[in-house]
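One letter stands for each residue in the lines below.
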Amino acid sequence: NAGVMQNPRHLVRRRGQEARLRCSPMKGHSHVYWYRQLPEEGLKFMVYLQKENIIDESGMPKERFSAEFPKEGPSILRIQQVVRGDSAAYFCASSPGLVPPYNEQFFGPGTRLTVL
Amino acid sequence: DQQVKQNSPSLSVQEGRISILNCDYTNSMFDYFLWYKKYPAEGPTFLISISSIKDKNEDGRFTVFLNKSAKHLSLHIVPSQPGDSAVYFCAASANAGGTSYGKLTFGQGTILTVHP
């Protein structure tokens, strides 16, 4: 049973370009979360999605950032017109449910975005 | 507003001794607490969790203690091993009421180094 998969593992973009990060949840998991870790900080929640629905995007910047989890295919976190401050590690997590003990979140290896 | 705090950026312990990692929180709505372990360039790995209805949970060498009145939890690792050297994150979620959707609030992390 494959774990949470994220690609690419490393992404380099110049200021103003678009970054597209992909996440495939564990098999059987319908809940997907995106977190961002800035240097020297803990992980911060960005968005929670279920298939075809954004449920909670309270942690995501209002501009330039968007997320989706289509019926088929991986979840995508999209950052338009990247700036240097977007440089961070972006982690995706999935869980089989929301209520303990089924709410354990399994994390992917992360995508390290560097904006030049 | 840092709702989950790990005030010790680092901890150094001798192999075989006890490691105690601490975590404080401010949000009284948190009712589920987790510890994650993270190696460089990898995603966080779930270690152990505790519900607010308990004050202790044990799993092998790992024990988590919760003091709700003090809004404090700690992770004990006994005996510590060199392979335990990693960054440890405390995380919390508010599940009652069904509006947090399981999103996790993380502390800043504590770097544990276990010396042989």
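Just above, that's the structure.
What you see is a predicted model, and the numbers here were worked out from it, not measured in a lab.

Chemist: How should the overall build of chain A be read in this particular structure?
Modeler: The number of helices and strands found in chain A is zero helices and eleven strands. In terms of overall dimensions, chain A is globule-like: its C-alpha atoms have a radius of gyration of 14 Å, near the 13 Å expected for 116 residues. Across the 116 residues that make up chain A, the buried fraction comes to 46%. At a minimum sequence separation of 6, the contacts of chain A that also span at least 24 residues come to 52%. For chain A, the computed accessible surface area is about 5,900 Å², with 49% contributed by carbon and sulfur atoms. Averaging the positions of the 16 positive and the 11 negative side-chain charges in chain A gives two centres separated by 7 Å.

Chemist: Can you walk me through the overall build of chain B in this structure?
Modeler: The helix and strand tally for chain B stands at zero helices and eleven strands. Each helix and strand of chain B, placed in order from N terminus to C terminus, yields the pattern β-β-β-β-β-β-β-β-β-β-β. Per-residue burial over chain B gives 45% buried out of 116 residues. A fraction of 56% describes how many contacts in chain B between residues 6 or more apart in sequence connect residues 24 or more apart. Separation of charge centres in chain B, based on 10 positive and 9 negative side chains, amounts to 3 Å.

Chemist: I'm lost on the state of the cysteines in this one. Help?
Modeler: Note on terminology: disulfide describes a covalent bond linking the sulfur atoms of two cysteines. Under the defined criterion, the tally for this structure stands at two disulfides over all chains. Linked covalently through their sulfurs, C23 of chain A and C92 of chain A form a disulfide whose S-S length is 1.8 Å. Handedness here is read from the sign of the S-S torsion; for C23 of chain A and C92 of chain A, about -50°, the answer is left-handed. Linking C23 of chain A in strand β3 (residues 19-24) with C92 of chain A in strand β9 (residues 88-95), this pair joins segments that are 69 residues apart in sequence. With a relative accessible area of 0%, C92 of chain A lands in the buried category. Each disulfide pairs two cysteine sulfurs, and for C23 of chain B the partner residue is C90 of chain B, the sulfurs being separated by 2.0 Å.

Chemist: So what exactly am I meant to see when it comes to the environment of V4 of chain A here?
Modeler: All names here are of chain A. When you line up the elements, V4 lands in the segment before β1 (5-7). When the C-alpha positions of V4 and Y90 are compared, they lie 13 Å apart, and in sequence the two are 86 residues distant. Ignoring sequence-local partners within four residues, the contact set of V4 consists of C23, S24, M26, C92, S94, F106, F107, G108 and P109.

Chemist: What is the right way to look at the sheet that holds strand β8 (residues 72-77) of chain B in this model?
Modeler: Through backbone hydrogen bonds, the strands of a sheet pair up, either in parallel or in antiparallel fashion. Residue and element names in this part refer to chain B. The five strands lie next to each other as β1-β3-β8-β7-β6, forming an open sheet whose pairing is antiparallel. Only two strands of the sheet have a single partner each, and these edge strands are β1 (4-5) and β6 (56-59). When strand β3 (residues 19-25) meets β8, the two strands line up antiparallel, connected through six bridges. Following the sheet pairing, C23 is matched in β8 by L73.

Chemist: Just to check I follow, could you spell out the nonpolar core for this structure?
Modeler: Within soluble globular proteins, side chains that are nonpolar tend to cluster in buried spots. With 24 residues, the main nonpolar core has F33, W35, L73, L75 and Y88 of chain B as its most contacted residues. Secondary structure elements with two or more residues in this core: β3, β4 (32-38), β5 (45-51), β7 (62-67), β8, β9 (86-93) and β11 (110-115) of chain B. When residues of this core are assigned to their parent elements, the largest contribution, four residues, is made by β9 of chain B. For Y88 of chain B, the residues in contact, after removing those within four places along its chain, are Q6, L21, W35, Y36, K37, L47, L75, I77, G109, T110 and L112 of chain B. Within the second largest apolar cluster, 23 residues are counted, among which are A19, W34, A88 and L113 of chain A.

Chemist: Would you explain the environment of R14 of chain A in this entry?
Modeler: Topologically, R14 of chain A is positioned in the loop between β2 (10-13) and β3. If near-sequence neighbours (up to four positions away) are discounted, R14 of chain A is found in contact with V82, V115 and L116 of chain A.

Chemist: Any chance you could explain the sheet that holds strand β7 (residues 65-68) of chain A here in plain terms?
Modeler: Residue and element names in this part refer to chain A. An order of β1-β3-β8-β7 is seen for the four strands of this open sheet, with the pairing classed as antiparallel. This sheet does not close on itself; its edge strands, each paired only once, are β1 and β7. Sheet twist, expressed as the mean angle between neighbouring strand axes with direction ignored, is 15°. Pairing between β7 and strand β8 (residues 75-79): four bridges, direction antiparallel. If you follow F65 over to β8, its bridge partner there is I79.

Definitions and limits used
Residues numbered from 1 in each chain as written. Chains lettered and ligands numbered in written order. Predicted model: local features only at pLDDT ≥ 70, side-chain atom pairs only at ≥ 80, totals over all residues. Heavy atoms only, no water. Helix = DSSP H or I, 4+ residues; strand = E, 2+ residues; numbered from the N terminus. Rg over C-alpha atoms; globule rule 2.2 N^0.38 Å. Buried < 20%, exposed > 50% of the residue type's maximum accessible area, 1.4 Å probe, protein only. Contact = heavy atoms within 4.5 Å. Areas by Shrake-Rupley, 256 points an atom, 1.4 Å probe, with all protein chains shown as cover. Lys, Arg positive; Asp, Glu negative; His and termini not counted. Charge placed at Lys NZ, Arg CZ, Asp CG, Glu CD. Disulfide = S-S within 2.5 Å. Pairing = 2+ DSSP bridges. Core = buried A, V, L, I, M, F, W, Y, C linked by side-chain atoms within 4.5 Å. Axes fitted to C-alpha atoms, helices over the stretch in contact; angles between N-to-C directions.

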